[in-house]
Amino acid sequence: MPVSFRKEIKDLVAYKPGKPIEDVKREYGLSDVIKLASNENPLGASPKVKEAMLKVMEEFSLYPDGNCTELKEAISKKYNVKPSEVLPSAGSDEMVDMIAKTFINHGDEIIMADITFPRYMDTARIMGGTPVLVPLKNWTYDLEGMLAKITDKTKIIWLCNPNNPTGTMFSEKALLDFLKQVPENILVIYDEAYNEFVTRDDYPKDSVQLLKDYPNVLILKTFSKMYGLASLRVGYTIASEEIISNINKVRCPFDVNRFAQAAAIAALEDQDFVKKCYDLNKRGKEYLYSEFEKLGYEYIPSETNHIMANVEKNSGEVFLELQKRGVIIRPMMSTWIRVSIGTMPQNETFIEKLKEVLAPLGGCENK
Ligand SMILES: Cc1ncc(COP(=O)(O)O)c(C=O)c1O
């Protein structure tokens, strides 16, 4: 008899990352390749991060602090919460997984937007939960629609604000109106992976305050985007002590490595770097908007470090043609692409290559 697999994973598809830059260079004989596909920080990370990592370099043979004591302290100080209300993880990806393991029983309903971050759905399915999808309205979360889907079986509601991949957000008022109507036995996950990029004033500025009135809320954050630590894999959650201590039971020992812990503490301290990245992202966003407008292409105004645009040609084909020219973006559904905002020269190269690609495909020349 061959080995058998859990039926819950039968129809799952493994995550397929884009090609690494080195592979694209080799395959197409290119010396310069820019990757605007994974919403990484084009400025890298604060120089203080490297210094902090070098300081702990000699200790790589020792296991890291499995409790992330200093990192928890740094986070708790920043948000004025107790260290016991903070749980670092190996990227927020690991936390999405741990949340599913901690909360989801077979048959539980998990409400999420369609479209949003795909791991919410995969992890629900792995645990035998039933994803309940609520289509976006005008590319934005339909919070009323989500409330309408609540049943006795609802266990979790996933909110991503601002949303990946659309870049859209909902306001503080909308969030508070929503939370008031969610029964307290339903866990609301508030994923703020991109909150540092938001420019609108009506965004919920201090989400951690929500925990006082809503102990069923869990706030999920990452160092991968604004702080530029994507390859170190470090994120964190802030929630009630009860939620944190239960998730901690399913956590792998030593999940956040020594370099990630040191880097995250240093990154949090350098808010000047955050400001620099915020300004660059805002400039890049405005530049890309104006170029899409000149080309006559629809785009979704974004509060993140990525923009979705409708290039009116098959997005898979556009992706491949751009890749051949050394620019990696993310093809989305039908004719939509998602591009991460880069440095200004990277944004300009992307637009130049996009024009080059779309002209022979019958796009953009007369628009
Ligand atoms: C909305 C959202 N949540 C979570 C993640 C996971 O990020 P990480 O595991 O790098 O912290 C991502 C990554 O793209 C994301 O877009």
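### Description of the domain arrangement of the chain
Considered domain by domain, the chain is made up of domain 1 (7-44 + 272-358) and domain 2 (58-269). A straight line from the C-alpha centre of domain 1 to that of domain 2 covers 25 Å. At the interface, 29 residues of domain 1 touch 26 residues of domain 2. Counting the contacts that link domain 1 with domain 2 gives zero salt bridges. Here domain 1 is connected to domain 2 by nine residue pairs in polar contact (both at pLDDT 80 or more). The element that contributes the greatest number of residues to the side of domain 1 that touches domain 2 is helix H11 (residues 271-295), accounting for seven residues.

### Thoughts on the pattern of salt bridges
All chains considered together, the criterion is met by 26 salt bridges. Here Asp122 makes a salt bridge to Arg119, at a shortest N to O gap of 3.6 Å. Linking Asp122 with Arg119, this pair stays in helix H5 (residues 119-126), spanning three residues, or about one helical turn. Measuring nitrogen to oxygen at the nearest pair gives 2.8 Å for the salt bridge that ties Asp279 to Lys275. Of this pair, Asp279 and Lys275 both sit in helix H11, four residues apart, roughly one helical turn. Salt bridges here are not isolated pairs; linked through shared partners, they connect Glu321, Lys324, Arg325 and Glu356.

Analysis parameters
- The numbering scheme is per chain: residues are counted from 1 as the chain's sequence reads.
- Restriction of local features to residues with pLDDT of at least 70 applies here, the model being predicted, together with a cutoff of 80 or more for giving and counting side-chain atom pairs; totals for whole chains, interfaces and linings are based on all residues.
- Side-chain measures were taken over the full set of non-hydrogen atoms in the model, leaving aside hydrogen atoms and water.
- Throughout, the edges of the domains are those of an automatic or database domain assignment.
- Whether two residues touch is decided by their heavy atoms; if any such pair falls within 4.5 Å, the residues are in contact.
- Each reported salt bridge corresponds to a side-chain nitrogen of Lys or Arg within 4 Å of a carboxyl oxygen of Asp or Glu.
- Pairs of N or O atoms within 3.5 Å make up the polar contacts considered here, provided that, within protein, one atom can donate a hydrogen while the other can accept it, and that residues adjacent in sequence are counted only when both atoms are side-chain atoms.
- By the criteria applied, helices consist of DSSP H or I runs no shorter than four residues and strands consist of E runs no shorter than two, each listed in order from the N terminus.

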